Amino acid sequence: MTIPRRRFLHGVFRLADLVNMIFAFTVAVWVLDDQYGLGAAELLAMRVKVGNFVIFLIFLVVWHLCFRSVGLYRSRRLSTRWSEAIDVLKATSVGSLLMLNLGLLFQIELFTTQFVGLFWLLVNVATIGTRLVLRSGLEQARIQGRNLRDVLIVGTNRRALEFARRIERRRELGYRVVGFVDEEWSGLENFRDAGKRLVARLDELPEYLRNNVVDEVMVALPIASFYDESSRILRVCE
């Protein structure tokens, strides 16, 4: 997948999260208005009184940073839906607590405990639901051969082969293994019997990355005996 397309997808997720936050805020205000009989003029007066427009813009930025801090805008192809939902709950909980503190700091009458609690519930339902829909759509696109990533696996041991088989079986992940990188060793016979392809040696990795399309590099070398090599590979990839 090209970098502009990847940035576009990340932008879609960021925009959807902010839209869901605004939606939950609006619905919470509407419910508050209906429950307590606050008229539109009173709600507007509260907004003008505390300069809510500026505060709301600041809160939008803070909300985005909360989501970014828990890694919700990094690649999550290998993560489960449950783990993503947990991270959403973490981000929205921090953001909601900040909203409550803003209410105390700036004396915003609207930001009561009831309002923030209702907002937290609505924003989680909307955000998790939207992300499930977007994620399902992306998985269908990958199954049809779109939004794919070329992955190079460094290592030819059993763990590397198992990882390759797992991502090849799960087409919805959208990974395409382009080859393996390793040195000659006794286990290469089993590796070749499995029908896999060695495309470069460890010292040839920089040249291979310069001359071939590789989106991600998975390192499956033993850490204890290949620590220096693994560190060098990480520097090369950066």
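Residues numbered from 1 in each chain as written. Predicted model: local features only at pLDDT ≥ 70, side-chain atom pairs only at ≥ 80, totals over all residues. Heavy atoms only, no water.

Engineer: I'm lost on the sheet that holds strand S2 (residues 175–181) in this one. Help?
Structural biologist: Backbone-to-backbone hydrogen bonds pair the strands of a sheet. The strands run either parallel or antiparallel. Within the open sheet, the four strands sit side by side as S3-S2-S1-S4. Their pairing is parallel. At either end of the open sheet lies a strand with only one pairing partner, and these are strand S3 (198–200) and strand S4 (216–219). Averaged over neighbouring strand pairs, the angle between their axes works out to 40° when direction is ignored. (Pairing = 2+ DSSP bridges. Helix = DSSP H or I, 4+ residues; strand = E, 2+ residues; numbered from the N terminus. Axes fitted to C-alpha atoms, helices over the stretch in contact; angles between N-to-C directions.)

Engineer: Please clarify how a nonpolar patch on the surface should be interpreted in this entry.
Structural biologist: The grouping of Phe53, Val54, Leu57 and Ile58 at the surface amounts to a nonpolar patch, some 420 Å² of accessible area in total. Note that phenylalanine 53 resides in helix H3 (residues 52–69). (Patch = residues over 30% accessible without salt bridge, like charges linked within 9 Å, V, L, I, M, F, W, Y side chains within 5 Å. Areas by Shrake-Rupley, 256 points an atom, 1.4 Å probe, with all protein chains shown as cover. Salt bridge = Lys/Arg side-chain N within 4 Å of Asp/Glu carboxyl O.)

Engineer: Help me understand the packing of aromatic side chains in this model?
Structural biologist: Pairs of aromatic rings are described using the distance from one ring centre to the other and the angle between the two planes. Counted by the stated rule, this structure contains five aromatic pairs. Measuring from ring centre to ring centre gives 5.4 Å for phenylalanine 25 and phenylalanine 115, while their planes differ by 80°; the resulting arrangement is edge-to-face. Within this pair, whereas phenylalanine 25 is found in helix H1 (residues 3–36), its partner phenylalanine 115 is found in helix H5 (residues 113–143), the two being separated by 90 residues in sequence. When its relative accessible area of 10% is taken as the criterion, phenylalanine 25 is described as buried. Aromatic side chains phenylalanine 59 and tryptophan 63 sit 5.6 Å apart centroid to centroid with 45° between the ring planes, which places their arrangement in the tilted category. One end of the pair is phenylalanine 59 and the other is tryptophan 63, both in helix H3 and four residues apart, which spans about a single turn. You'll find phenylalanine 59 and tryptophan 63 in the same group, each marked buried. The ring of tyrosine 73 has arginine 14 lying over it, and the distance from NZ or CZ to the ring centre is 5.1 Å. We note arginine 77 situated over the ring of tyrosine 175; from NZ or CZ to the ring centre the distance is 5.7 Å. (Phe/Tyr/Trp six-rings, centres within 6.5 Å; stacked < 30°, edge-to-face > 60°. Buried < 20%, exposed > 50% of the residue type's maximum accessible area, 1.4 Å probe, protein only. Lys NZ or Arg CZ within 6 Å of the ring centre and 35° of its normal.)

Engineer: How do you make sense of the nonpolar core when you look at a structure like this?
Structural biologist: When a protein is soluble and globular, its nonpolar side chains tend to lie buried together. Phe25, Met99, Leu110, Phe115 and Phe119 are the most contacted members of the largest nonpolar core, which has 27 residues in total. Secondary-structure elements contributing two or more residues to this core are H1, H3, helix H4 (81–106) and H5. For this core, the leading source of residues is H1, giving seven residues. Apart from residues no more than four positions distant in its own chain, phenylalanine 25 is found in contact with Phe56, Met99, Leu110, Phe111, Phe115 and Phe119. (Core = buried A, V, L, I, M, F, W, Y, C linked by side-chain atoms within 4.5 Å. Contact = heavy atoms within 4.5 Å.)

Engineer: So what exactly am I meant to see when it comes to the side chain of aspartate 182 here?
Structural biologist: Within the secondary structure, aspartate 182 is located in the loop between S2 and helix H7 (188–193). For the buried aspartate 182, no salt bridge is present, and the opposite-charge side chain at shortest range is arginine 201, 8.8 Å distant. Within polar-contact distance, the side chain of aspartate 182 engages the side chain of threonine 156 at 2.6 Å. Those residues in contact with aspartate 182, other than ones at most four positions away along the chain, are Gly155, Thr156, Leu198, Ala200, Arg201, Leu202 and Leu221. (Lys, Arg positive; Asp, Glu negative; His and termini not counted. Polar contact = N/O pair within 3.5 Å; in protein donor to acceptor, adjacent residues only side chain to side chain.)

Engineer: Sorry, what's going on with the packing of H4 against H5 here?
Structural biologist: The axes of two packed helices give the description: the angle between them and the distance between them. Relative to each other, H4 and H5 sit at 150°, their axes nearing to 9 Å. Overall, the two elements H4 and H5 adopt an arrangement that is roughly antiparallel. Note that H4 runs across H5; the crossing there is right-handed. Residues of the contact of H4 with H5, tallied by class, amount to 12 nonpolar, seven polar and five charged. (Parallel < 35°, antiparallel > 145°, perpendicular 65-115°, else oblique. Left-handed = near helix turned anticlockwise from the far one by under 90°. Nonpolar A, V, L, I, M, F, W, Y, C, P; charged D, E, K, R; others polar.)

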